[in-house]
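Summary of the model geometry
Next come the chains, spelled out residue by residue.
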Amino acid sequence: MNSLRLHSAFGLLLRPTAAAPVGVSTSVHRLRAFSATTSSQSAQAPPSPAPKPKIWIPNPTPFVPNVKTFLTLIGRDLKSHASKFPSWDSLFSLSSEQLKELGLEPPRTRRYLLRWREKFVRGEYGIGGDLKYVKKGKAILKLVEKVKSQELRLRYVVNVPEGKEVDDLPLSQQVRAKGFKVRGIDRITGPHVLPLKGGRAAMIQVTEGMWEDKRGHKVDGGERRRAEVRFKRGVAERKARREAQGLY
């Protein structure tokens, strides 16, 4: 009896343990491998590029209908580069590097053009930029006078189509022209205004540099060279005085 019990006990000890299900261990191994591969790929993936800033292309205006007119108005001989811009959109979308490739030099010229582009996009025009009735670069201005009472009279300037009078326009289109004033009895004044015969009317025409931001001129070589230029000038003046006195 005792021998049978010992044999059974030894049999239980020597019996091989049950193997884990093959499917479970394989799936866990694959899951670990997939998660490791995914984490390594996410670590190595390049960052997504930053979105490009949106470029706003303004619409041409009656006073500024094309590229050449815009470059003519802002001056600094930029109209000589008009042929380098195939379209209105290209004028307002090219970057500074692209403008450099087109040959716009020196850098201050490119900065000047980019600055005026931004102003035009914001609706910050020069004189005449908001005029509605323009024909071949010319706009007609008329004086409007409204009597409110014996003590109050309103006088302002309105842009009208060529050959038309103010009374021919409905009230909704009799909008004041910005930048112009009435002096004296019937004289329209303002930058680049040309009076017309008969009074109470004037004309403004697209000309070179109407909107140009005038640059200052350097005095004695500018700030960086001013001390050197003045020193050399003083040396030359002292030498001239000595020569005049016969000391040389």
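Placed above this text is the structure.
Below, the structure is looked at part by part. Just so we're clear, the structure is a prediction, and the values are computed from it rather than from any experiment.

Thresholds, definitions, all that
- Residues numbered from 1 in each chain as written.
- Predicted model: local features only at pLDDT ≥ 70, side-chain atom pairs only at ≥ 80, totals over all residues.
- Heavy atoms only, no water.
- Helix = DSSP H or I, 4+ residues; strand = E, 2+ residues; numbered from the N terminus.
- Buried < 20%, exposed > 50% of the residue type's maximum accessible area, 1.4 Å probe, protein only.
- Contact = heavy atoms within 4.5 Å.
- Areas by Shrake-Rupley, 256 points an atom, 1.4 Å probe, with all protein chains shown as cover.
- Axes fitted to C-alpha atoms, helices over the stretch in contact; angles between N-to-C directions.
- Parallel < 35°, antiparallel > 145°, perpendicular 65-115°, else oblique.
- Left-handed = near helix turned anticlockwise from the far one by under 90°.
- Nonpolar A, V, L, I, M, F, W, Y, C, P; charged D, E, K, R; others polar.
- Phe/Tyr/Trp six-rings, centres within 6.5 Å; stacked < 30°, edge-to-face > 60°.
- Pairing = 2+ DSSP bridges.
- Core = buried A, V, L, I, M, F, W, Y, C linked by side-chain atoms within 4.5 Å.

Let's shift gears to the overall build of the chain. When helices and strands are tallied, the chain shows 7 helices and 6 strands. Across the 248 residues in the chain, those meeting the buried criterion constitute 29%. At a minimum sequence separation of 6, the contacts of the chain that also span at least 24 residues come to 52%. Counting only carbon and sulfur atoms, one obtains 55% of the accessible surface of the chain, whose full area is about 18,300 Å².

The next point concerns the packing of helix α3 (residues 67–74) against helix α6 (residues 107–121). Working note: a packed helix pair is described by the angle between its axes plus the distance between those axes. Where α3 contacts α6, the axes come no closer than 11 Å and their chain directions differ by 110°. Classified by the angle between their axes, α3 and α6 sit roughly perpendicular to one another. Where α3 crosses over α6, the handedness of that crossing is right-handed. Across the interface between the two elements, F70, L71 and I74 from α3 touch Y112, L113, W116, R117 and F120 from α6. Tallied by class, residues from the contact of α3 with α6 come to 7 nonpolar, no polar and 1 charged.

A complete count under the given rule lists 8 aromatic pairs for this structure. An angle of 55° between the planes, with centres 5.6 Å apart, marks the rings of F70 and F92 as tilted. Here the residue F70 occupies a position in helix α3, and F92 occupies one in helix α4 (residues 88–93), the gap between them amounting to 22 residues. Of the residues examined, F70 reaches a relative accessible area of 0% and is grouped as buried. Here F92 falls in the buried class, since its relative accessible area comes to 3%.

Attention now goes to the sheet that holds strand β5 (residues 193–195). Think of a sheet as strands paired side by side through backbone hydrogen bonds, with each pair either parallel or antiparallel. Across the sheet, 4 strands lie side by side as β2-β1-β6-β5; this open sheet has antiparallel pairing. Both edges of this open sheet fall to β2 (153–160) and β5, since each of them pairs with a single strand only. Neighbour-to-neighbour, the strand axes of this sheet turn through a mean angle of 30°, independent of strand direction. One ladder, built from 5 bridges, connects strand β1 (residues 138–147) with strand β6 (residues 201–205); its direction is antiparallel. Within β6, the position partnered with A139 by the bridge is I204.

Right, let's get into α3. For α3, the tally of buried residues reaches 7 of 8 residues, placing the bulk of the element in the interior. Packed against the buried residues of α3 are α4 and α6. Remark: G75 follows α3 within two positions and exhibits a positive phi of approximately 75°.

Once that is clear, we can look at the nonpolar core. The biggest cluster of nonpolar side chains holds 37 residues, and the ones touching the most others in it are F70, L71, I74, F85, L113 and W211. Those elements that place two or more of their residues in this core are α3, α4, α6, β1 and β6. Setting aside residues up to four positions removed in sequence, F70 forms contacts with V64, W88, L91, F92, L113, W116, R117 and F120.

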